[in-house]
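# Fold and contact review
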Amino acid sequence: MKVLVTGANGFLGREVVAALVADGHAVRALVRPSTDVGPSGWGNQVEVARADLRGGTELEALFAGVEAVVHLATQMTGDDFTIFSGTLLGTERLFAAMAASSTKRLILCSSFSVYDWLRVGARLDDDGPLLTEVWQGGAYAAAKSWQERLARRMAQQHGWKLTVLRPGFVWGRGSDDLACIGQRLGRWQLVFGPLREPPLTHVQNCADAFRAALASEAAAGATVNVVDGHGTSAARFARERKLGARQEGRIVWVPLWAARAFVWLANRCARLVFGERYKLPSMFVPMRFELRYRSVRATSTGMMKTLGWRALKSFGECARATWGPEPGSDARADGPTMVKLETEKRRAA
Amino acid sequence: MKAVLIGAGAIAREHIGALQSVRGVEVAGICDLSPAMAEATAEQFKIPRWFTDHRKMLAELSPELVHVTTPPGSHARLASDALEAGAHVLVEKPITPELSEMETLLELAARRGRSLVEDHNYLFNRPVARLLEMRSSGELGEVVHVHVSFHLAILGPGSRYVDPNVPHPCTSGPGGAIADFVSHLAYLALAFTGPSHWLQVSWRKRSESPLPADELRALMDGERASALLEFSSHAQPDGFWIEVHGTKLRARASLFEPLLAVERLRPGARPLVPVKNGLAMALAHARAGLGGLQRKLAGRPMSYEGLYELVRRNVAAIRTCSRPPVEPAAIRAANRLVADLLRTEKAA
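Anyway, here's the lowdown on the structure attached to this text.

Reading the values: the criteria
- Residues numbered from 1 in each chain as written.
- Chains lettered and ligands numbered in written order.
- Predicted model: local features only at pLDDT ≥ 70, side-chain atom pairs only at ≥ 80, totals over all residues.
- Heavy atoms only, no water.
- Helix = DSSP H or I, 4+ residues; strand = E, 2+ residues; numbered from the N terminus.
- Rg over C-alpha atoms; globule rule 2.2 N^0.38 Å.
- Buried < 20%, exposed > 50% of the residue type's maximum accessible area, 1.4 Å probe, protein only.
- Contact = heavy atoms within 4.5 Å.
- Areas by Shrake-Rupley, 256 points an atom, 1.4 Å probe, with all protein chains shown as cover.
- Lys, Arg positive; Asp, Glu negative; His and termini not counted.
- Charge placed at Lys NZ, Arg CZ, Asp CG, Glu CD.
- Core = buried A, V, L, I, M, F, W, Y, C linked by side-chain atoms within 4.5 Å.
- Buried area = accessible area lost by both parts, 1.4 Å probe.
- Salt bridge = Lys/Arg side-chain N within 4 Å of Asp/Glu carboxyl O.
- Axes fitted to C-alpha atoms, helices over the stretch in contact; angles between N-to-C directions.
- Parallel < 35°, antiparallel > 145°, perpendicular 65-115°, else oblique.
- Left-handed = near helix turned anticlockwise from the far one by under 90°.
- Nonpolar A, V, L, I, M, F, W, Y, C, P; charged D, E, K, R; others polar.
- Pairing = 2+ DSSP bridges.
- Expected span 1.5 Å × (residues − 1).

## Examining the overall build of chain A
When its secondary structure is counted, chain A shows ten helices and 14 strands. Whereas a compact globule of 349 residues would reach a radius of gyration of roughly 20 Å, chain A reaches 21 Å, a difference of no more than 12%. Its C-alpha atoms put chain A at 60 × 55 × 40 Å along the principal axes. Counting only residues that meet the buried cut, chain A has 54% of its 349 residues in that class. Intrachain contacts of chain A at a sequence separation of at least 6 include 73% that bridge at least 24 residues. When the accessible surface of chain A is summed, it comes to about 15700 Å², and 54% of that surface belongs to carbon and sulfur atoms. Chain A carries 46 positive and 33 negative side-chain charges, and their two centres are separated by 5 Å.

Here it is, written out as structure tokens:
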């Protein structure tokens, strides 16, 4: 199958392209005109197409011969308006071009940020409560909510087979400083709620979920969470990261109730001093605090039952892929860059 | 009063906030070429109707006031349609890229008996408004010279002005990205100097970028005083201020923070005058720093506070049929100066 992948040069995009190629698909990888793709190692099955979804080049030609689209592109940098408008306008233009083509299959990468984290309970499945006021979750949440909304409308209008994947916190080599673990404070890494299990998905597992969604006919019409379900606690992730990434400084455990109380107090004080329209940094916004740190068991019935998908790699394998030697590097497996997982060390002892 | 907006870009959000803050004004509709942006903006700001065709919006809603917040190239057509539909119009700066289009619009507004206002928002920021009061009351003495300076790192990573993938609408015209800021420099200086009759301009490109120039310095002689207009993409930290040199005092107002720092002739022993001025300046800077932080935490408008005041006064002027807060003469003077400035970049 020929697949158009947007955001193909991004952190997740490169892995998705690799996973699709490994599954035998021909990929048209869409990157921005000025992007230096570098030594991607994608090989002949990947055709690099250059266009910016937000404007400039016409997008219709991208769909020639394409049977499915994996839409990953999101504006990640800039102020709130840039993030929101860049994502929305790009998505709108892409879908308009797709509507003019014969392509009918769409896999959309959404996010956990579309959930209303003030209403999420102890367990979050694919049918969790969604934001009703999308800006409550910030610009990224608003952009992702609108992307989903547009995709559903267009799918209904044009008879597309749509699958929406909502990955949890995606991590991997080069992106392991996760907002859902805690906050860096000088030399201290604060870990909020060390025992809770954040909804993590390693980038290679997440990419494999996209491959699985594309491969499955049953996935059409489904909206599913993507989490690895390794049961890795925030404390363990922080410890492994400190060891694996050779991070300096100390890890400080902060009970979740204490962090939450601090946020509550900051909001009360701000309201008292500055009035109802006060603004605090994002970590102090209750919705965003809960998105990052809420103690929740996130699952995906859809991924497991509909797609029969399980995370490809264990946490140990993911940790090695992230903090171990670079693939193709000369480092020996037992050399100085080898990641010794805390759990493995304990087992050895 | 029923108001609508044409254009749902970044600046439109400030206009919506400003309009919704005026008692008795209902933002009844918003129009954008992108249906998604129009609908999303309407939903976010609780605007009841959204459109992708401005003529349809004008016909269906019959607004009394239209704000045009699209890129400059479309201002003439959209403002003209709004005036023809019988609305008062406030247009983002620059009112039009061409002077001839501006004249056509001003004539049309006069003919239709409607007000046409260009957004000169920074004139209404409190520190600048206070400077203007000081001039009117004679506290400044006679204005001798004005220095308007805008330092903004528009070449930095992530800047929309140097995005190689989607060029900013301003970057293709004369002056490049600086043209997007030069209106502010012009109307701020002209408010103190009077119309310009002599201009010497330096455009400079200090570093590699798609922009034709990244530094501008212009020495201008006006009817009442001289002015130095400056835009720098390199000087740091970011700042935007106007300094007015009068015969009785020198005052510096910031457009980014609520700062007005004044050095004045003071009675008493001469050696103590710099000390007194120094203390007064230090106090003003500390107060401005804290005031800016307080404003940010309170969710109040920051550098766009002047837009809120301009919109409030514009609505009041429409209601009372009095003179608009930015009069045609000021619009003409500012745009003529801008045209003269940009012409020199073409020549350079």
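## Section: the overall build of chain B
Looking only at helices and strands, chain B features ten helices and 13 strands. Taken over the C-alpha trace, chain B has a radius of gyration of 21 Å; the compact-globule value for 348 residues is 20 Å, and the two agree within 12%. In terms of overall dimensions, chain B has C-alpha extents of about 70 × 45 × 40 Å along its principal axes. Residues classed as buried in chain B amount to 54% of the 348 residues present. Taking the contacts inside chain B whose residues are at least 6 apart along the sequence as the reference set, 65% of them involve residues at least 24 apart. Accessible surface for chain B amounts to roughly 15200 Å². Of this, 55% is attributable to carbon and sulfur atoms.

## As for the nonpolar core
Across soluble globular proteins, nonpolar side chains show a tendency to be buried alongside one another. With 102 residues, the main nonpolar core has Leu188 and Ile242 of chain B as its most contacted residues. In terms of residue count, helix α7 (residues 179-193) of chain B provides more of this core than any other element does, eleven residues in total. If sequence neighbours within four positions are ignored, leucine 188 of chain B has contacts with Tyr122, Leu123, Val128, Val148, Phe240, Ile242 and Leu255 of chain B. In terms of nonpolar packing, the next biggest core, distinct from the first, is built from 37 residues, Val31, Ala68, Ala212 and Val226 of chain A among them.

## A look at the interface of chain B and chain A
The interface of chain B with chain A comprises 22 residues on the first partner and 24 residues on the second. Across the interface of chain B and chain A, roughly 2000 Å² is buried in total on both sides, 58% from carbon and sulfur atoms. Three residues, Met37, Asn165 and Leu297 of chain B, lead the burial of chain B against chain A; their summed loss comes to 28% of the area buried on that side. Seen at the junction of chain B and chain A, the total is four salt bridges. Residues arginine 54 of chain A and aspartate 163 of chain B are paired through a salt bridge, measuring 2.7 Å at the closest nitrogen-oxygen approach.

## Looking at the environment of leucine 30 of chain A
Among the secondary structure elements, leucine 30 of chain A is positioned in strand β2 (residues 26-31). Residue leucine 30 of chain A is classed as buried on the basis of its relative accessible area, which comes to 4%.

## Here we look at the packing of helix α3 (residues 139-158) of chain A against helix α2 (residues 35-44) of chain B
Direction vectors running N to C along α3 of chain A and α2 of chain B enclose 125 degrees, while the axes themselves pass 12 Å from each other. With respect to their mutual orientation, α3 of chain A and α2 of chain B come out oblique. Every pair of crossing elements has a handedness; the one defined by α3 of chain A and α2 of chain B is right-handed. Here α3 of chain A contributes Trp146, Arg149, Leu150 and Arg153 of chain A to the contact with α2 of chain B, which in turn contributes Ala36, Glu39, Ala40 and Glu43 of chain B. Tallied by class, the residues present in the contact of α3 of chain A with α2 of chain B amount to four nonpolar, no polar and four charged.

## Examining the sheet that holds strand β10 (residues 188-192) of chain A
All names here are of chain A. Overall, mixed pairing links the three strands, which are arranged β9-β10-β13 in an open sheet. For this open sheet the edge positions go to β9 (182-185) and β13 (250-254), each flanked by a neighbour on one side alone. For this sheet the average axis-to-axis angle between neighbouring strands, irrespective of direction, equals 25 degrees. Inspection of the sheet shows β9 paired to β10 by four bridges, in the antiparallel sense. Paired with arginine 184 across the strands is glutamine 189, a residue of β10. Sheet strands touched by helix α5 (residues 234-244): β10 and β13. Its angle to β13, the strand with the most contacts, is close to 175 degrees.

## With respect to helix α8 (residues 272-297) of chain B
Residue and element names in this part refer to chain B. An ideal rise of 1.5 Å per residue puts 38 Å on 26 residues; α8 measures up with 38 Å between its terminal C-alpha atoms. Turning to α8, its buried residues number three or more, namely Val273, Asn277, Met281, Ala284, Ala288, Gly292 and Arg295. Trailing α8 by a residue or two, glycine 299 shows a phi angle of about 70 degrees, which is positive.

## Topic: the pattern of salt bridges
Tallying each qualifying case throughout the model produces 42 salt bridges over all chains. Glutamate 139 of chain B is the partner of arginine 130 of chain B in a salt bridge, and the nearest nitrogen-oxygen pair spans 3.1 Å. In this structure glutamate 139 of chain B comes out as partly exposed when scored by relative accessible area, which is 26%. With its nearest N and O atoms 2.8 Å apart, the salt bridge here joins aspartate 340 of chain B to arginine 343 of chain B. Pair noted here: aspartate 340 of chain B and arginine 343 of chain B are both in helix α10 (residues 328-347), with a separation of three residues, about one helical turn. Relative accessible area serves as the criterion here: at 28%, aspartate 340 of chain B is assigned to the partly exposed category. What you see here is one network of salt bridges that share partners, running through Arg32, Asp52 and Arg54 of chain A together with Asp163 of chain B.

## Side note on the sheet that holds strand β4 (residues 65-68) of chain B
Residues and elements named next belong to chain B. The six strands lie next to each other as β3-β2-β1-β4-β5-β6, forming an open sheet whose pairing is parallel. Because the sheet does not close on itself, it has two edges, and the strands there are β3 (49-51) and β6 (116-118). Mean inter-strand twist for the sheet, computed between neighbouring axes without regard to direction, equals 20 degrees. Where strand β1 (residues 2-6) and β4 come together, four bridges link them in parallel fashion. By the bridge assignment, valine 4 is partnered in β4 with valine 66. Contacts from helix α1 (residues 10-20) reach β1, β2 (26-31), β4 and β5 (88-91) within the one sheet, and its direction differs from that of β1 by about 175 degrees.

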